[in-house]
Structure formats: C-alpha cells, structure tokens
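A structural walkthrough
In case you want the letters, here they are:
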Amino acid sequence: MSLIAIDIGGTTVKGALFCGDRIAAERALPTPGQEGRDAIFRTLFALIDGLAEDAGEGVAAIGISSAGNIHPASGVCLYATDNLMGWTGADIRGEVERRFGVPCRADNDAVCALMGELTLCPGLRDVTMLTFGTGVGGASLVNGSILRGQNFDAGRWGHVCLHPQGERCSCGKRGCAEAYLSATALLRRGRERIPALSSCKELFELAGRGVAEACAVVKAFAADLDLLLDDIRTVLAPERIILGGGVAQSAPLFLPLLQRQDDILLAQLGSRAGVYGARSLVIDYDNAKENEQ
Ligand SMILES: [Zn+2]
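Here the structure is a predicted model, which means the values were calculated and not measured. (Residues numbered from 1 in each chain as written. Predicted model: local features only at pLDDT ≥ 70, side-chain atom pairs only at ≥ 80, totals over all residues.)

Examining the overall build of the protein chain
Counting secondary structure elements, the protein chain contains 9 helices and 12 strands. Taken over the C-alpha trace, the protein chain has a radius of gyration of 19 Å; the compact-globule value for 293 residues is 19 Å, and the two agree within 12%. Each principal axis of the C-alpha distribution contributes one length, and for the protein chain these read about 60 × 40 × 35 Å. Residue burial in the protein chain is summarised as follows: out of 293 residues, 44% are buried. Taking the intrachain contacts of the protein chain between residues at least 6 apart in sequence as the baseline, contacts between residues at least 24 apart amount to 58%. (Helix = DSSP H or I, 4+ residues; strand = E, 2+ residues; numbered from the N terminus. Rg over C-alpha atoms; globule rule 2.2 N^0.38 Å. Buried ≥ 20, exposed ≤ 12 C-beta atoms within 10 Å, placed from the backbone. Contact = placed C-beta atoms within 7 Å.)

This is the structure:
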C-alpha cells in the first residue's frame, strides 16, 4: 500500500505518492489562496484524485502539511493568514477522510518541513527550522519534542517582531520577521531600489555580480535575519538552525554576511521537505498494513 503526502503552501499545492521510501509520482497545482475555502478543497481533492490514480491500487492514508495553525489531533485549521483566504476553521482531516474513506492526519507546514528534514539528521534533539517562501514558517524541536504551546502556535518565528512600527504583516501586526524576510517581502524591498526586478533569484544574482543596489538589499536582509537568529539562539539555544524555502537556495550569497554561521544547516529536501514531513504524519499506517501482510 502506498501513502499520499500533500503540502498546501501559499503559492502551490504539492503532492507526492510514496511507495515505501520512494516517491513514485508527484503532482502540483497552483493554490487558489484568494478564492476561499471551497476552492482550496477542490484543488486539494483534485490533486489527491490524481495521485490515487497514479497509485493504481488502494492508498493506506493521506498526510497533509498545510500553512496555518493546525490542530495536530483533529486536523482542523485553527488559524490561517489571508495567504489562504477562508482556511481558518477548515476541517482538513474530516473533509479528506469523508471524501476518500482513508485515515488522514494534518499538521502545520513548518512543523512538517522540520520533520521532513529531521529524517536526514535523526540524532538531533534541539533544532529550529525557518522556511522562507510566500511567508516565513518556523518550527522548533525542543528536547526531542515539537514545541506546540497551548494553541498549537508556538515556534512561529515568522511573526516575531523585528521592527516595532515597521511594515504591516499578513497577520495584521507590524514589523514581523515575515514582513522583512519572506520572498514576497524581499522582492518588495528589491523593487524599491530596482523597479524592474523580476524575482528574488534575480536580486541575489545581481548582488553576486556586485550591483550596489542589490547588495544593499541583500545586506539589509542579512541584518534582519541576524536579529531573528539571535532571538532564536537566546530563547532556545538550538544545536542547529535549518534554513529552507526558495530564498534559502540563494544562501551562498547571504550566509557570509551573517554574524554567525557555525550552527546553520541548509535544508536538503528543497521543495520536497513538506511532503516528506506530511508522509511522516501517516507513516504508521504504512507499517501497520505491511505487518498485516
Ligand atoms: Zn506577522
């Protein structure tokens, strides 16, 4: 039996079909993040239908990584920002189990990304992961357990305040790390100086070639990232801080600007960290089935 793992991000919904440790098929669809809850569920179901077809046999369980504050036991989205309009209150686990008739588990996307990366460095017990994409995701493993907090929203480092009275964040507060360090924010900052800028990747390329305007933006980005990293080290003193997401792919251009790099790891699974983490939510169903055979 195979497992389906889904990663619902602000821009793309990605899915993978796992047969054991192997990814047998992958699919992706754009996230209709501004079209409301029903549209997001339609996209999710279409992706699962496609992967179930790829499986050609029964699927044992479905694991879902989703942006937002997800209750890990019930699989309900307790809170999501407007990157996923209407997702707050969505019963992800319930809707998927009713539609597909197999067990489903859901958790926050940053938690899933961390769990995915941890499969590659299983000995670590104190790790924080930051993902830089549409938003800034954060999750922390403390003494071997995911830091949850009473509303399952602890460790959301993207919404630590870096600049009081600063830029407005998607969460409604001002000055959050996400408003400075997300790909969206970085592109906005880049365009303030280079109006024709097409992407963060281009910004880093220009900085790599020594273009002064681009270097200034990357330097400001590194300074803000230093503030966030310092907060994390002060509070949790992790063994490692893993940086992931699209912006982290340009790490060679900003890591040397950071005050400290010895505890930094770069994510290894790239855009697949979420689906690997989503798979780990339901891995027991796979083992259970295999043991029965
Ligand atoms: Zn915020």
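A short note on the nonpolar core
Ranked by internal contacts, the top residues of the largest apolar core, which has 81 residues, are Ile-6, Ile-62 and Leu-114. Three or more residues apiece are contributed to this core by two domains, here domain 1 (2–109 + 272–292) and domain 2 (121–267). (Core = buried A, V, L, I, M, F, W, Y, C linked by C-beta atoms within 7 Å. Domains from an automatic or database assignment.)

So, unusual backbone geometry
Of note in the backbone geometry, Asn-143 takes a positive phi value of approximately 50° without being a glycine. Residue position: Asn-143 is located in the loop between strand E9 (136–142) and strand E10 (145–146). For Gln-165, which is not a glycine, the phi torsion comes out positive at approximately 70°. Looking at where Gln-165 falls in the secondary structure, it is placed in the loop between E10 and helix H4 (178–181).

Overview of the domain arrangement of the protein chain
In terms of domains, the protein chain is made up of domain 1 (2–109 + 272–292) and domain 2 (121–267). Taken together, the contacts link 15 residues of domain 1 with 12 residues of domain 2. Residue classes in the side of domain 1 that touches domain 2 are distributed as 5 nonpolar, 8 polar and 2 charged. (Nonpolar A, V, L, I, M, F, W, Y, C, P; charged D, E, K, R; others polar.)

Observations regarding the sheet that holds strand E11 (residues 240–244)
If you trace the 5 strands from one edge of the open sheet to the other, you get E10-E9-E8-E11-E12, paired in mixed fashion. Edge positions in the open sheet fall to E10 and strand E12 (264–266), since each of these has one partner strand only. With 3 bridges connecting them, E11 and E12 associate as parallel partners. Bridged to Ile-241 within E12 is Ile-264. Across the sheet, helix H3 (residues 109–118) touches strand E8 (127–132), E9, E10 and E11, and the angle it forms with E9 is around 55°. (Pairing = 2+ DSSP bridges. Axes fitted to C-alpha atoms, helices over the stretch in contact; angles between N-to-C directions.)

Focus on the pairing of E9
Among the 7 residues in E9, 6 count as buried, and that is most of the element. Bridge analysis of E8 against E9 gives 6 bridges, and the strand direction is antiparallel. When the sheet's bridge partners are listed, Leu-130 is paired in E9 with Gly-138. Once E8 ends, the chain turns through 3 residues before running back antiparallel as E9. Alignment of E9 against E10, held across 2 bridges, turns out to be antiparallel. Opposite Val-142, over in E10, you have Ser-145 as the bridge partner. With antiparallel pairing between neighbouring strands as the criterion, E9 and E10 make up a hairpin whose turn holds 2 residues, including Asn-143 at a positive phi of roughly 50°.

Digging into the packing of helix H5 (residues 183–193) against helix H7 (residues 212–236)
At a minimum axis distance of 9 Å, the contact between H5 and H7 shows a crossing angle of 145°. Helix-helix and strand crossings are classified by hand; for H5 and H7 the assignment is right-handed. Of the residues in H7, those in contact with Leu-186, Arg-189, Gly-190 and Arg-193 of H5 are Glu-213, Ala-216, Val-217, Ala-220 and Phe-221. For the contact of H5 with H7, the per-class residue count stands at 5 nonpolar, 1 polar and 3 charged. (Left-handed = near helix turned anticlockwise from the far one by under 90°.)

Digging into H3
Quick reminder: α-helices carry 3.6 residues per turn. Residues three or four places apart thus point the same way. Within H3, 10 of the 10 residues are buried, which leaves it mostly tucked inside the rest of the structure. For H3, the complete set of buried residues consists of Asp-109, Ala-110, Val-111, Cys-112, Ala-113, Leu-114, Met-115, Gly-116, Glu-117 and Leu-118.

Quick notes on H7
Taking 1.5 Å of rise per residue, the 25 residues of H7 would be expected to cover 36 Å, and the 36 Å separating its terminal C-alpha atoms lies within 8% of that figure. Considered for burial, the residues of H7 that qualify are Ala-214, Val-217, Val-218, Phe-221, Asp-224, Leu-225, Leu-228 and Leu-229. Looking at the packing, one finds that the buried side of H7 touches H4, H5, helix H6 (200–208), E11 and helix H8 (251–254). Where H7 ends, the next residue or the one after it, Ala-237, has phi of about 40°, a positive value. (Expected span 1.5 Å × (residues − 1).)

What about the pairing of strand E1 (residues 2–8)?
The buried fraction of E1 amounts to 7 of the 7 residues, a majority that puts the element mostly inside the structure. Alternating positions in E1 separate into two faces, Ser-2, Ile-4, Ile-6 and Ile-8 on one and Leu-3, Ala-5 and Asp-7 on the other, with burial throughout. As judged from the 7 bridges shared by E1 and strand E4 (residues 59–66), these two strands associate in the parallel manner. Bridged to Ala-5 within E4 is Gly-63. The loop that links E1 with its antiparallel partner strand E2 (residues 12–19) comprises 3 residues.

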